[in-house]
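Structure at a glance
In case you want the letters, here they are:
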Number of protein chains: 2
Amino acid sequence: MLSRTSVFLKTINIHGCRFASQLFYDRYGDPLEVIQLQNESIETNSLKADEVRIGFRASPINPADINQIQGVYPVKPKLPAIGGNEGFGIVEEIGSNVSSLNVGDHVIPAASGFGTWRSEAISNENNFYKIDKRIPMKYAATLQVNPCTAYRMLKDFVELKEGDTVVQNGANSAVGRCVIQIAKILGYETINVVRKRENIDELKSELESIGATKVYTEEEFLKNSRSIKSRLALNCVGGRNSLGIASTLQQNGIMVTYGGMSKQPVQGATGPFIFKDIIFRGFWMSSWYEKSAKNQELKGKRDEMYSEIADWIVLKKLVKPKVVLRQPEEYKEALKDAMETAGIKQLFVFDDNKN
Amino acid sequence: MLSRTSVFLKTINIHGCRFASQLFYDRYGDPLEVIQLQNESIETNSLKADEVRIGFRASPINPADINQIQGVYPVKPKLPAIGGNEGFGIVEEIGSNVSSLNVGDHVIPAASGFGTWRSEAISNENNFYKIDKRIPMKYAATLQVNPCTAYRMLKDFVELKEGDTVVQNGANSAVGRCVIQIAKILGYETINVVRKRENIDELKSELESIGATKVYTEEEFLKNSRSIKSRLALNCVGGRNSLGIASTLQQNGIMVTYGGMSKQPVQGATGPFIFKDIIFRGFWMSSWYEKSAKNQELKGKRDEMYSEIADWIVLKKLVKPKVVLRQPEEYKEALKDAMETAGIKQLFVFDDNKN
């Protein structure tokens, strides 16, 4: 292994040895302090029969990645670990016995925890999942978490029919925007709650332009909530806000929690639990992927999901994710911006001209 | 019909006409103001083919009965209505085509809303449900709601195994006491939270004597909650208290809400919804009975429940319900005490020497 001060920012060959760049950490803490850029040697021409070599093209910084590095996420990778859980790569070489992938296939990690902030990886074919080649880079690199979280929450908890209403808070989050667009595609109305802010009119127009039926500030929502009837509420805020959106649930309605931005507990009035049989649940995409790896029915649903989302992307029914492209060497700025800036994702890109 | 000032306190015969006493109301409001004792004439020898005549023996005043009369309960009976939803009677006469009941059978109403504060009723056989004759009066009159609520919450939400822990708040409520006893019978540990009070040591000893594994005040519970691991939490309080008992839930654990004594929303931390897939639900015995009337599987479960509880009663595994016997004419005192006194139930008894 090279010393840590001698760093290449892409995969390169030196004297027949292959070096891949990677962003790694060997202790939990402030990402700005613990993340380091490093080159790791990769043996060439040495794939095991069931292994593939993947050249990563782009990998985002998600909030969960930050929490994981800080050591406050429930899943703690074994250290040292490479950062990142989501990303998109291309199969560059396959072992003699690989059956599910071919050179040139576009792939994403099969599960969380792979470590995607690196230019290259060699690993068992089962650690990657093939996706549609028509999906452009920015979409592909951010496909696995946000659109799929929105998709599953809209599909798996309540059987909705066209014209039904879905209520959500944190509607301008990355998942919230996916909910708006996918609900629109599926024919559901969305009532969207956002925090009051200076550019509120601009934000409302923007969310309406991607398909929101109605966008309310928290205050406006409380004034109007009595007339809203939903069967699915999506909560990433908690506190009084969750109490408000849950109050719109009708008989057998479900509130799904997938985040807690207010850092306040999830709340719901007592009566609807008893008299309307409402349910509070949670959703975690990583856990769903883990289950899908062991369950044929879910595996089928995963294929169907990627295929359906790919079609929507190609048909331009999903707007381009808001990302800033970052070279790996800009990692400190990228991490800082990821922690401080909401609404726009930092995306590491790895040079695809490697050899 | 007799004038309302001429009132008999039991069913009597006058000149071949039959008069039953009943506690009724013709407007919603303070029970002390709107409930009246009245005699209603019942035609003798005039049962329709599918009707039965029931002589009620005893009917309690439950909190829901009070709320119903106040007009603040989600189920609003058509007025004028007879008070009460629970009670126990004996079949005194059956129509020519009645198949499910015989004279002498002990019965309880098949569903909520029948109006049980009366000495006698004539109605379709399907409105009554036969119970084991071995069940003594005080148990039989209070069988339908509290022990069955505890039973169903312990059986229907999580598959528990012997030695598992159930956590509940409001543990000294009537349902709470049933939970303690039935959990003990089924081999589950119970962690019980009660409010701090003057006679706390006495209450702890009492609940431990009927089977509680551990009884904590809210403060003591918070100090100990980190070490408690449950898969079922039963909540009739809400607010911070519900947040506390929910925090003990492990993977796929469920908190069932069946009351809201603090009048604060139900609360749960965000993380366990997402990462442990915990679920918040509600339970309402009346709704379960309604479903069981239309569903053969649930009908079977209802038979099994009554039979199992009857056995426990006969085997003295359930302590006698705490009741005060009241004559119908004492209804004002009984209603007042029901509204002001916790922990002891007012039970109207109707003279069984009617003819």
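Residues numbered from 1 in each chain as written. Chains lettered and ligands numbered in written order. Predicted model: local features only at pLDDT ≥ 70, side-chain atom pairs only at ≥ 80, totals over all residues. Heavy atoms only, no water.

Attention shifts here to the packing of helix 10 (residues 285–292) of chain A against helix 11 (residues 296–314) of chain A. Residues and elements named next belong to chain A. Closest axis-to-axis distance for the helix 10/helix 11 pair is 8 Å, and the angle between their directions is 125°. Considered as vectors, helix 10 and helix 11 are oriented oblique to each other. Contact residues: helix 10 offers M285, W288, Y289, K291 and S292, while helix 11 offers L298, K299, K301, R302, M305 and Y306. (Axes fitted to C-alpha atoms, helices over the stretch in contact; angles between N-to-C directions. Helix = DSSP H or I, 4+ residues; strand = E, 2+ residues; numbered from the N terminus. Parallel < 35°, antiparallel > 145°, perpendicular 65-115°, else oblique. Contact = heavy atoms within 4.5 Å.)

In this section: the interface of chain A and chain B. At the interface, 27 residues of chain A touch 27 residues of chain B. The largest per-residue losses of area from chain A upon contact with chain B belong to F273(A), I274(A) and F275(A), which jointly make up 25% of the total buried on that side. Linking chain A with chain B are four salt bridges. With its nearest N and O atoms 3.8 Å apart, the salt bridge here joins K291(A) to D277(B). Counting every contact that joins chain A to chain B gives three residue pairs in polar contact (both at pLDDT 80 or more). (Buried area = accessible area lost by both parts, 1.4 Å probe. Salt bridge = Lys/Arg side-chain N within 4 Å of Asp/Glu carboxyl O. Polar contact = N/O pair within 3.5 Å; in protein donor to acceptor, adjacent residues only side chain to side chain.)

The subject of this paragraph is the confidence of the model for chain A. All names here are of chain A. Here chain A averages 92 in pLDDT, and 93% of its residues register 70 or above. Across residues 1–6, confidence stays below pLDDT 50; counting only partners more than four residues off in sequence or on other chains, it has twelve contacts. The ipTM value of the predicted complex is 0.92, and its pTM value is 0.92. (pLDDT = per-residue confidence, 0-100.)

Residue and element names in this part refer to chain B. Following the criterion strictly, the structure yields 28 aromatic pairs over all chains and no others. When the centroid spacing of 6.0 Å and the interplanar angle of 70° are considered together, the rings of Y73 and W284 count as edge-to-face. With a gap of 211 residues between them, Y73 in the loop between helix 2 (63–70) and strand 5 (81–82) and W284 in the loop between strand 16 (279–282) and helix 10 (285–292) connect regions that are remote in the sequence. The exposure class assigned to Y73 is buried, which follows from its relative accessible area of 13%. Judged by centre distance (5.1 Å) and plane angle (70°), the ring pair of F114 and F128 falls under edge-to-face. Taken together, the residues span a long stretch of sequence, with F114 in the loop between strand 7 (106–109) and strand 8 (120–124) and F128 in strand 9 (residues 128–131) at a distance of 14 residues. Here F114 and F128 have matching classes, each one buried. (Phe/Tyr/Trp six-rings, centres within 6.5 Å; stacked < 30°, edge-to-face > 60°. Buried < 20%, exposed > 50% of the residue type's maximum accessible area, 1.4 Å probe, protein only.)

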